[in-house]
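The chain contents come next:
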Amino acid sequence: MRNAGVTSSLLNMGEARAVGAQADGSPGRVGLASLEDSLKADAVLEIVDQAVATSSAAGFHFDASGRFGPYS
């Protein structure tokens, strides 16, 4: 993105990625929520030139044969 001239961006491509700060100089804000109340952030990370990737066991399970995969 920087090679294309982008100096400020916050995007989600399966992980949150901040390129630079916001136009006003403030950091990008990424909310982390629990499964029980996914509309309310439990924590907010402020990032500049960083990425945040999360994972959770809620989207995957082991079936009876021990194979790992998404819930159906």
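Before reading on, note that the structure itself is shown above.
Residues numbered from 1 in each chain as written. Predicted model: local features only at pLDDT ≥ 70, side-chain atom pairs only at ≥ 80, totals over all residues. Heavy atoms only, no water.

1. A few points about the overall build of the protein chain
In step 1: Broken down by element type, the protein chain carries zero helices and seven strands.
In step 2: Its helices and strands in sequence order give the protein chain the pattern β-β-β-β-β-β-β, from N to C terminus.
In step 3: Taken across its 72 residues, the protein chain has 14% of its residues classed as buried.
In step 4: A separation of at least 24 residues holds for 23% of the contacts in the protein chain among residues at least 6 apart in sequence.
In step 5: Carbon together with sulfur atoms contributes 53% to the accessible area of the protein chain, which is approximately 5,500 Å² in total. (Helix = DSSP H or I, 4+ residues; strand = E, 2+ residues; numbered from the N terminus. Buried < 20%, exposed > 50% of the residue type's maximum accessible area, 1.4 Å probe, protein only. Contact = heavy atoms within 4.5 Å. Areas by Shrake-Rupley, 256 points an atom, 1.4 Å probe, with all protein chains shown as cover.)

2. Thoughts on the sheet that holds strand 2 (residues 16-19)
Backbone hydrogen bonds are what pair the strands of a sheet, in a parallel or an antiparallel way.
In step 1: Strand order in this open sheet of three strands is 1-2-5, and the pairing throughout is antiparallel. Either end of the sheet is taken by a strand with one partner, and the two such strands are strand 1 (9-12) and strand 5 (51-52). (Pairing = 2+ DSSP bridges.)

3. Looking at the nonpolar core
In step 1: Core analysis: the biggest nonpolar cluster contains five residues, these being Ala16, Ala18, Val30, Ile47 and Val52.
In step 2: Discounting chain neighbours no more than four positions away, the residues touching Val52 are Glu15, Ala16, Leu32, Leu45 and Ile47. (Core = buried A, V, L, I, M, F, W, Y, C linked by side-chain atoms within 4.5 Å.)

4. Structural notes on the pairing of strand 1
In step 1: With four bridges connecting them, strand 1 and strand 2 associate as antiparallel partners. Bridge pairing in strand 2 links Leu10 to Ala18.
In step 2: Following strand 1, the chain reverses through three residues before pairing antiparallel with strand 2; Gly14 in that reversal takes a positive phi of roughly 95 degrees.

5. Observations concerning the layout of surface pockets
In step 1: The computed volume of the largest pocket comes to approximately 290 Å³.
In step 2: Every residue lining the largest pocket is listed: Leu10, Asn12, Gly14, Glu15, Ala16, Arg29, Val30, Gly31, Leu32, Ala33, Val52 and Thr54.
In step 3: For the lining of the largest pocket, the secondary structure elements donating two or more residues are strand 1 and strand 3 (28-32).
In step 4: Here the lining of the largest pocket gets four residues from one element, more than from any other, and that element is strand 3. (1 Å grid on protein atoms, 1.4 Å probe; cavity = no way out; pocket = protein on both sides within 12 Å on 5 of 7 lines; lining within 4 Å. Points joined across faces, edges and corners; volume = space filled by probe spheres on them.)

6. Let's talk about unusual backbone geometry
In step 1: Look at Asp49: it is not a glycine, yet its phi comes out positive at around 55 degrees.
In step 2: By secondary structure assignment, the location of Asp49 is in the loop between strand 4 (43-47) and strand 5.

7. Considering the environment of Arg2
In step 1: Structurally, Arg2 is set in the segment before strand 1.
In step 2: Given a relative accessible area of 46%, Arg2 falls into the partly exposed group.
In step 3: With 17 residues separating them in the primary sequence, Arg2 and Val19 have C-alpha atoms 7.7 Å apart.
In step 4: Excluding anything up to four places from it in sequence, Arg2 contacts Thr7, Val19, Gly20 and Asp49.

Remember, this is a structural readout, not a statement about activity or role.
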